[in-house]
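# Tertiary structure, described
Listed here are the chains, written in short residue letters.
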Amino acid sequence: VIIPIKSEDLKPAESLYNKLVSEYKSTDVLLEDLQRNPGEKFKEYDFIGIPIKIIVGREYRKGKKYEVEIKLENEVKKDLLKESELFQYLSLLGV
């Protein structure tokens, strides 16, 4: 799921969404486009068990990096990745 933090993050989140949908046709890609606070967004996707969150927020606005959070069983891995790194990372995960 791609989660924009502020309304100004929605446009780059939509752009990333379109690229991911195009690249990973057999994978469901979600875009959180409702105007809710970030805590509600994270809580919902944790509750339903979405394993990969791509956050478009402060780090993207500062340096065009996405915050990536991946849940693997009882472990959560977090990384900051540029777009090209993100696609390589997802490929390594077998997405």
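Residues numbered from 1 in each chain as written. Predicted model: local features only at pLDDT ≥ 70, side-chain atom pairs only at ≥ 80, totals over all residues. Heavy atoms only, no water.

## A word on the pairing of strand 4 (residues 75-81)
The criterion, for reference: Here, any two strands with at least 2 DSSP bridges between them count as paired. Every helix listed is a DSSP run of H or I at least four residues long, and every strand listed is a run of E at least two residues long, numbered separately from the N terminus.
By the bridge criterion, 7 bridges tie strand 3 (residues 66-72) to strand 4 in an arrangement that is antiparallel. Counted as the bridge partner of Glu 69 is Lys 78 from strand 4. Counting the residues between successive antiparallel strands, the hairpin from strand 3 to strand 4 contains 2 residues, one of them, Glu 73, with a positive phi of roughly 50°.

## Notes on unusual backbone geometry
Convention followed: Summary of the burial criterion: residues with accessible area below 20% of their type's maximum are buried, those above 50% are exposed, and those between are partly exposed, where the area comes from a 1.4 Å probe applied to protein chains only.
Phi at Lys 64 takes a positive value of approximately 55°, unusual for a residue other than glycine. Inspection of the secondary structure assignment puts Lys 64 in the loop between helix 3 (58-63) and strand 3. The backbone phi angle of Glu 73 is positive, close to 50°, even though this residue is not glycine. Looking at the secondary structure, you find Glu 73 in the loop between strand 3 and strand 4. Judged by relative accessible area, which is 82%, Glu 73 ranks as exposed.

## Brief notes about helix 1 (residues 10-23)
The following threshold applies: What a helix should span is 1.5 Å times the count of its residues minus one. Directions drawn from the helix axis to the C-beta atoms are what define this arc.
With 14 residues, helix 1 extends 20 Å from end C-alpha to end C-alpha; this agrees with the ideal 20 Å at 1.5 Å per step. Within helix 1, burial applies to Pro 12, Ala 13, Leu 16 and Leu 20. Down the axis of helix 1, the buried side of the element spans an arc of 100°, and every buried residue falls inside it. Across from the buried face of helix 1, at angles greater than 90 degrees, the exposed residues are Lys 11 and Asn 18.

## Let's talk about the nonpolar core
Quick reminder of the rule: What we call a nonpolar core is a set of buried Ala, Val, Leu, Ile, Met, Phe, Trp, Tyr and Cys residues that are connected through their side-chain atoms within 4.5 Å. Throughout, a contact is declared for two residues whenever any of their heavy atoms are within 4.5 Å.
Grouped together as the largest cluster of nonpolar side chains are 19 residues, with contacts concentrated most on Ile 2, Leu 16, Leu 20, Ile 54, Tyr 66, Val 68 and Leu 86. Broken down by secondary-structure element, the contributors of at least two residues to this core are helix 1, strand 2 (52-56), strand 3 and helix 4 (83-92). Element by element, the count of residues in this core is highest for helix 4, at 4 residues. Not counting chain neighbours up to four residues away, the residues in contact with Ile 2 comprise Ala 13, Leu 16, Tyr 17, Leu 20, Val 29, Leu 30, Leu 31, Glu 32, Ile 54 and Val 56.

## What about the packing of aromatic side chains?
Note the threshold: Aromatic rings from Phe, Tyr and Trp, taking only the six-membered ring of Trp, are treated as a pair when their centres fall within 6.5 Å; an angle between ring planes under 30 degrees marks them as stacked, one over 60 as edge-to-face, and anything in between as tilted.
Throughout the structure, instances matching the rule amount to 2 aromatic pairs. Measuring from ring centre to ring centre gives 5.1 Å for Tyr 60 and Tyr 66, while their planes differ by 35°; the resulting arrangement is tilted. No difference in accessibility class separates Tyr 60 from Tyr 66, as the two residues are buried.

## As for the pairing of strand 3
For strand 2 and strand 3, the ladder comprises 4 bridges, and the chain directions are antiparallel. The residue bridging Lys 53 from the neighbouring strand is Glu 69, located in strand 3.

## Considering the sheet that holds strand 2
The line we're drawing: Note on definitions: angles span 0 to 180 degrees between N-to-C directions of axes, and those axes are lines fitted to C-alpha atoms, for helices only across the stretch in contact.
Across the sheet, which stays open at both edges, the 4 strands sit in the order 1-2-3-4 with mixed pairing between neighbours. Of all the strands in the sheet, the pair left with one neighbour each is strand 1 (2-4) and strand 4. Taking the axes of each pair of neighbouring strands and ignoring which way they run, one obtains an average angle of 20° across the sheet. Strands in contact with helix 1 are strand 1, strand 2 and strand 3; relative to strand 1, the strand with the most contacts, it is inclined by about 170°.

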